[in-house]
Amino acid sequence: MKRPVIALIAFAIIACLPLLGDNYLLRLGTMFAMYAVLAQSWNIIGGYAGYPSFATAAFFGLGAYTGAILQGFGWPMPLAWVAAGLLAAVFAGAMGSAILHLKGHYFAIASLVLAEVLLEVTTSWTSLTGGGMGLNLPIIRMSIAAQARLFFWSMLGLAVLTFLMSWYVSAGRIGFALRCIRQNEDASSMVGINTTRYKVVAFVMSSLFVGAAGALYASWVFYIEPPDVYSVMTTIRPIVMTMLGGAGTLLGPVIGSAIFLVIEEVVWRNFLSVHAAVLGILIVGLIFYLPNGIVGAVARRFRKRGAENGET
Amino acid sequence: MLYAQILLNGLVLGGLYACISVGFSLVWGVLNVINVLHGSFVVLGSYIAYFAYAHFGIHPFFSIIIAGALLFALGYVVQLGLINRVVGAPVLTTLVLTFGLDLLLNNGMLLAFSADYRSVQLANPLGSAVVAGLVFPLDRLVAMLLAGVLTGLLYLLLVRSKIGRAIVAVRMDREAAALMGVDVKKIYAITFGIGALMAGAAGSLLSLVFPISPLAGSEYLSIAFIVCILGGLGSISGAIVGGIALGLIQSFGALFIGPQHGLTIAFVLLIILLIFKPTGIMGRRGYE
């Protein structure tokens, strides 16, 4: 139980970022926290349970629009965030019980289509969502610097909550059940694991904080439009981050999102016109040279060294 | 009369959709790989047809051969060099890998051709004919017929040729096929090449019908997804049934609900079908 504590200390150090007073760094910090929420959430269904979920954008977009609309109705921000997370979780529960009996490619496509359908519904429902014109959020009466700190700490708090959830999952019965499902679903069912229930629970867990992060993102950027929040990239990024760090590990998604953010930032600054291609190359390299992610590679190195020294 | 016209339009559209999807379905069925690159392959085929017409005056109907050959080579190399190395890996790996390759190809096309929409302006188009009060857009109709011929040729290849029989054998049982002396890796590469060939050929035909842009790739990919699920995976008849079903859904959906909701209806149907009958209308088949 040492590593999770180290991670929490790292989060606490990151929380001191506003002391540096650099707004660019603060923006990066907020992005990191958001990526960490998305990647850790995906890791529960995609990493532990091994189900190729492509539904992150659906949860994120649903949360963003729920939060934005509720704030438009005059709800206070934190309440809107909580409501957005809950609605995403309810949506995940309902859809999950319907599509989680699918396997492999079929599940992947069904989860991918959820975002497409929500995108179309949001675009068409102009009276509520503003349609393709997008939606502006109410102005907050606060200085720019105070806002930046508020959103940074809120997003970081969400990332810590997601981390605690992952910790709870990985250390407890749920994580055990999900790892069994990943290895052999039929066998898990045979030894008495209620696979359907655990899969739905994992799907719901992977949606709750993503929905809240979507709402927080909406409040943070003040303006959302359907192609932005339901973008396929919103789905792909957390998957790549988790694979980069190590899928099915506790720290992998956090490490992965930090490294991904740095790479993305460097590429955006220097090679804007080829940023998609660079991401493509990153993905290809990752799959061929780092299939278990950074955490997996490091763990293997340690095990090898241990074996050389005669330890087991 | 209106309904007959819409039915006709839907069928023509459906024939083209079937041609887009048949290669995708083949790759999915035989390799158990969802080829996210497929949409970009179609777009690349369209560009080849566009430039062949703009620079050399080759009619898009004939650039099927050029586009098909080039894309076959591309697909063969990609499969042999990259995808073969992870073909047995979990679904997520192949999906993310082909997605990454698609990002590369699409970014390359954006740099080379820009995001502007282009279209092939034929010097002497066939125009349209009116028969019994129905308007037949001839260019589209010929494109659809050619799509049908191509699909038929693919069917013949699978059923009659030695390579085709090997592909079907690998699909049915990889280990048994390998024991019978089939070089499975090579068959995978050929199958992927054929999938890309069909995408490129479909792209050349579509250059006459739809505007050409790298941005269209994701839409072609969505179409291929929907057609495969609607019709059922792994058979040519499934792709044809799925394609025509999607064409009809879009045409009639445009009439009753509005043209902008065509794909939405298809997506909703797709989810319902996935939940209740994931094997599609025609069920799962093996190119018997």
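You'll find the structure just up there.
Definitions and limits used
Residues numbered from 1 in each chain as written. Chains lettered and ligands numbered in written order. Predicted model: local features only at pLDDT ≥ 70, side-chain atom pairs only at ≥ 80, totals over all residues. Helix = DSSP H or I, 4+ residues; strand = E, 2+ residues; numbered from the N terminus. Rg over C-alpha atoms; globule rule 2.2 N^0.38 Å. Buried ≥ 20, exposed ≤ 12 C-beta atoms within 10 Å, placed from the backbone. Contact = placed C-beta atoms within 7 Å. Axes fitted to C-alpha atoms, helices over the stretch in contact; angles between N-to-C directions. Parallel < 35°, antiparallel > 145°, perpendicular 65-115°, else oblique. Left-handed = near helix turned anticlockwise from the far one by under 90°. Nonpolar A, V, L, I, M, F, W, Y, C, P; charged D, E, K, R; others polar. Core = buried A, V, L, I, M, F, W, Y, C linked by C-beta atoms within 7 Å. Pairing = 2+ DSSP bridges. Expected span 1.5 Å × (residues − 1).

J.: Looking at this model, I keep getting lost on the overall build of chain B. Mind explaining?
T.: Each helix and strand counted, chain B has 11 helices and two strands in total. Order of helices (α) and strands (β) in chain B, N terminus to C terminus: α-α-α-α-β-β-α-α-α-α-α-α-α. Computed over C-alpha atoms, the radius of gyration of chain B comes to 18 Å, within 12% of the 19 Å expected from 2.2 N^0.38 for 288 residues, which places it in the range of a compact globule. Its C-alpha atoms give chain B principal-axis dimensions of about 60 × 45 × 35 Å. The buried share of chain B, taken over its 288 residues, is 51%. For chain B, contacts bridging at least 24 residues in sequence account for 78% of all contacts bridging at least 6.

J.: Teacher, can you tell me more about the overall build of chain A here?
T.: Secondary structure assignment for chain A yields 15 helices and two strands. Taking 2.2 N^0.38 as the reference for a compact globule, 312 residues should give roughly 20 Å; the C-alpha atoms of chain A span a radius of gyration of 20 Å, in line with that estimate. Its C-alpha atoms put chain A at 65 × 45 × 35 Å along the principal axes. A burial count over chain A gives 49% of its 312 residues as buried. Long-range pairs, those at least 24 residues apart, make up 79% of the contacts in chain A between residues at least 6 apart in sequence.

J.: Which parts of the structure should I look at to understand the environment of B:Leu208?
T.: All names here are of chain B. Here Leu208 lies in the loop between helix 8 (184-206) and helix 9 (217-231). It is 7.4 Å that separates the C-alpha atoms of Leu208 and Arg140, two residues lying 68 residues apart in sequence. Ignoring sequence-local partners within four residues, the contact set of Leu208 consists of Pro60, Val120, Asp139 and Ala143.

J.: What is the right way to read the packing of helix 2 (residues 38-56) of chain B against helix 3 (residues 60-81) of chain B from this model?
T.: The packing of two helices is summarised by the inter-axis angle and the distance between the axes. Residue and element names in this part refer to chain B. Two elements in contact, helix 2 and helix 3, have axes separated by 9 Å at closest approach and are oriented at 130°. Taken together, the axis directions place helix 2 and helix 3 in an arrangement best described as oblique. By crossing handedness, the relation of helix 2 to helix 3 is classed as right-handed. Residue-level inspection shows Phe41, Leu44, Gly45, Ile48, Ala49, Ala52 and Tyr53 of helix 2 in contact with helix 3, the latter providing Pro60, Ser63, Ile66, Ala67, Leu70 and Leu71. Per-class residue counts for the contact of helix 2 with helix 3 are 11 nonpolar, two polar and no charged.

J.: In this structure, what is going on with the interface of chain A and chain B? I would like to understand it.
T.: Interface size is commonly expressed as the accessible area that is lost once the parts come together. At the interface, 31 residues of chain A touch 30 residues of chain B. Of all the elements in the fold, those that place two or more residues in the side of chain A that touches chain B are helix 4 (77-99), helix 5 (104-124), helix 12 (232-245) and helix 14 (275-289) of chain A. The greatest single-element share of the side of chain A that touches chain B, amounting to 11 residues, is contributed by helix 5 of chain A. Across the side of chain A that touches chain B, the residue classes break down as 22 nonpolar, seven polar and two charged.

J.: Hey, could you run me through the nonpolar core in this one?
T.: Considering soluble globular proteins, one finds that nonpolar side chains tend to be buried as a cluster. In this structure, A:Ala213 and B:Leu205 are the most contacted members of the largest nonpolar core, which totals 197 residues. The dominant element in this core, judged by the number of residues it contributes, is helix 10 (residues 195-221) of chain A, at 16 residues. Ignoring sequence-local partners within four residues, the contact set of A:Ala213 consists of A:Met34, A:Val37, A:Leu38, A:Phe60, A:Gly63 and A:Leu158.

J.: Before we go on, may I ask you to explain the pairing of strand 1 (residues 128-131) of chain B in this structure?
T.: Along any regular strand the residues' side chains alternate between the sheet's two faces. Residue and element names in this part refer to chain B. Where strand 1 and strand 2 (residues 134-137) come together, four bridges link them in antiparallel fashion. By the bridge assignment, Val130 is partnered in strand 2 with Val135. What sits between the antiparallel neighbours strand 1 and strand 2 is a turn of two residues, in which Ala132 has the positive phi angle 50°.

J.: Whenever I open this one, the packing of helix 7 (residues 144-171) of chain A against helix 10 of chain A confuses me. Can you help?
T.: All names here are of chain A. Look at helix 7 against helix 10: their axes get within 11 Å of each other, and the N-to-C directions meet at 175°. Regarding the angle of helix 7 to helix 10, the classification is roughly antiparallel. Counting all contacts with helix 7, which are made through Phe151, Ser154, Met155, Leu158, Leu161, Thr162, Met165 and Val169, the residues of helix 10 involved are Met205, Phe209, Ala212, Ala213, Leu216 and Trp220. For the contact of helix 7 with helix 10, the per-class residue count stands at 12 nonpolar, two polar and no charged.

J.: Whenever I open this one, helix 1 (residues 2-14) of chain A confuses me. Can you help?
T.: Given 3.6 residues per turn, any residue in an α-helix points the same way as the ones three and four places further on. In this model helix 1 of chain A runs 19 Å from its N-terminal to its C-terminal C-alpha over 13 residues, within 8% of the 18 Å that 1.5 Å per residue would give. Counted residue by residue, helix 1 of chain A has zero buried out of 13 residues, so it is predominantly exposed.

Nothing here speaks to function; it is all geometry.
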